[in-house]
Amino acid sequence: MTTSSPPASGGSSQDSAGLTRFNALPREAADAALTEVCAARDWAAALAEGRPYASPEALYAASDAALADLDDKGLDEAMAGHPPIGRPKPGDPASSREQRGMADADEGLKAEMLELNLAYQERFGHVFLICATGLDGKRMRDALASRLENTPERERENARTELVKINRIRLGRLLAEPAADAPAPEEENA
């Protein structure tokens, strides 16, 4: 399996503090935080059990290994935690942020994505998964249309590869979250 690089966080002291916080979480809290990253319970359990991690890179490597070890049921569970492209989960900031590229898509492109998503789910039995961060709607549509031609086995491996990327980004955000008792930085106007 090909893996991507860890998020470009630059190994900041904030990541180091976030890793220290993550390593110190009670098991229930770690499980809860990790299932927000990825819905596969076996993946979350493996990462929670593997603590403490010496570095963010060690956490990312453990994540990659746990994803590679997921059986079909675990992979299905991980994929089920993701909404279709173009329909982020209401009230889920991660889902909305990751699918930002579809927010400004015209109605024609949104309708096309809905049709392609339905065709994909009909053909493969699971949601189309792509690391959508930084992609615009047209690139997501083109990837979806292209991947409809794959075999079911190939698409499961594509989904696993995309999950590696998504989980690394989400873990990076988890480590970058400010401590609950620290004042939150002021929001930027986007």
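Being a predicted model, the structure only gives us computed values, none of them experimental.

The rules behind the values
- Per chain, residues are indexed from 1 in the order of the written sequence.
- For a predicted model such as this one, the threshold for reporting local features is a pLDDT of at least 70, and the threshold for listing and counting side-chain atom pairs is 80 or more; totals across whole chains, interfaces and linings nevertheless cover every residue.
- Calculated side-chain values reflect all of the structure's heavy atoms, with hydrogen atoms and water omitted.
- Secondary structure is summarised from DSSP: a helix means a run of H or I of at least four residues, a strand means a run of E of at least two, and numbering begins at the N terminus for each.
- The contact criterion used throughout is that any non-hydrogen atoms of two residues lie within 4.5 Å.
- Using a 1.4 Å probe, accessible areas were evaluated by the Shrake-Rupley method; residue-level cover was limited to the displayed protein chains.
- Per-residue confidence from the prediction method is given by pLDDT, with values spanning 0 to 100.
- Side-chain atoms alone can form a polar contact between residues adjacent in sequence; in general such a contact is a pair of N or O atoms within 3.5 Å, and within protein one must be able to donate a hydrogen while the other accepts it.
- What counts as a ring pair is set by centres within 6.5 Å for rings of Phe, Tyr and Trp (its six-membered ring), and what kind of pair is set by the plane angle: stacked under 30 degrees, edge-to-face over 60, tilted for all other angles.
- Exposure classes here rest on a 1.4 Å probe applied to the protein chains alone. A residue is buried below 20% of its type maximum, exposed above 50%, and partly exposed in between.
- Where helices are involved, their axes are fitted lines through C-alpha atoms of the stretch in contact, as for all axes, and angles between N-to-C directions lie from 0 to 180°.
- Oblique is the label for every angle not falling under 35 degrees (roughly parallel), over 145 degrees (roughly antiparallel), or within 65 to 115 degrees (roughly perpendicular).
- A clockwise turn of the near helix away from the far one marks a right-handed crossing, whereas an anticlockwise turn of less than a right angle marks a left-handed crossing.
- Just so you know the grouping, Ala, Val, Leu, Ile, Met, Phe, Trp, Tyr, Cys and Pro go in nonpolar, Asp, Glu, Lys and Arg go in charged, and all remaining residues, Gly too, go in polar.
- For a helix, the expected span equals 1.5 Å multiplied by the number of residues minus one.
- This arc is built from the directions going out from the helix axis to the C-beta atoms.
- What is meant by a nonpolar core is a set of buried Ala, Val, Leu, Ile, Met, Phe, Trp, Tyr and Cys residues, joined one to another through side-chain atoms within 4.5 Å.

Asker: A description of the overall build of the protein chain should follow, citing residues and the corresponding values.
Answerer: When its secondary structure is counted, the protein chain shows 10 helices and 0 strands. Along the protein chain, from the amino end to the carboxyl end, the secondary structure elements read α-α-α-α-α-α-α-α-α-α. For the protein chain, contacts bridging at least 24 residues in sequence account for 72% of all contacts bridging at least 6. Accessible area for the protein chain stands at about 10400 Å²; split by element, carbon and sulfur atoms hold 50% of it.

Asker: Break down the confidence of the model for the protein chain for me, with residues and values.
Answerer: Here the protein chain shows a mean pLDDT of 85. Residues at 70 or above account for 81%. Predicted confidence for residues 1–11 stays below pLDDT 50, and this span has 20 contacts to residues more than four positions away or in other chains. Low pLDDT (under 50) marks residues 181–190, which in the prediction has 1 contact with non-local residues, meaning those over four places away or in another chain.

Asker: Hey, could you go over the side chain of arginine 51 for me, with residue numbers and the actual values?
Answerer: Relative to the elements of secondary structure, arginine 51 occurs in the loop between α3 (41–49) and α4 (56–69). Within polar-contact distance, the side chain of arginine 51 engages the backbone oxygen of phenylalanine 22 at 2.9 Å. A polar contact is formed between the side chain of arginine 51 and the backbone oxygen of asparagine 23, at a distance of 3.4 Å. Here arginine 51 is in contact with Phe22, Asn23, Ala24, Leu25, Pro26, Arg27 and Ala30, once residues within four sequence places are set aside.

Asker: Go over the packing of aromatic side chains with me, naming the residues and quoting the values.
Answerer: Under the criterion given, the structure shown has 3 aromatic pairs. Ring geometry for phenylalanine 22 and tyrosine 53: centres 6.4 Å apart, planes at 20°, overall stacked. Here phenylalanine 22 is found in helix α1 (residues 13–24), whereas its partner tyrosine 53 is found in the loop between α3 and α4, with 31 residues between them in sequence. The exposure class of tyrosine 53 is buried, given its relative accessible area of 9%.

Asker: Describe the packing of helix α5 (residues 72–80) against helix α10 (residues 152–176), listing the residues and the values that go with them.
Answerer: In contact at an axis separation of 11 Å, α5 and α10 are set at 60° when each is read in the N-to-C sense. The angle between the axes of α5 and α10 places the two elements in the oblique class. Seen from above, α5 lies across α10 with left-handed handedness. Between α5 and α10, the residues in contact are Asp72, Leu75, Asp76, Ala78 and Met79 and Arg156, Ala159, Arg160 and Leu163, respectively. A breakdown of the residues in the contact of α5 with α10 according to their chemical character gives 5 nonpolar, no polar and 4 charged.

Asker: With reference to specific residues and values, describe α4.
Answerer: An ideal rise of 1.5 Å per residue puts 20 Å on 14 residues; α4 measures up with 20 Å between its terminal C-alpha atoms. Residues Pro56, Leu59, Tyr60, Ser63, Asp64, Ala66 and Leu67 constitute the buried set of α4. Along the axis of α4, the buried residues cluster in a sector spanning 165°; they form a single face.

Asker: Tell me what's going on with the nonpolar core, and back it up with residues and numbers.
Answerer: If you look at the biggest cluster of nonpolar residues, it comprises 31 residues, and the most contacted ones within it are Phe22, Leu34, Trp43, Leu47, Leu59 and Leu171. Elements with a contribution of two residues or more to this core: α1, α2 (27–37), α3, α4, α5 and α10. Counting residues per element, this core draws most heavily on α10, at 7 residues. Sequence-distant contacts of leucine 47, defined by excluding residues within four places in its chain, comprise Leu34, Tyr53, Leu59, Ala62, Ser63, Ala66 and Leu171. Leu109, Phe128, Ile130 and Ala132 belong to the second largest nonpolar core, which has 15 residues in total.

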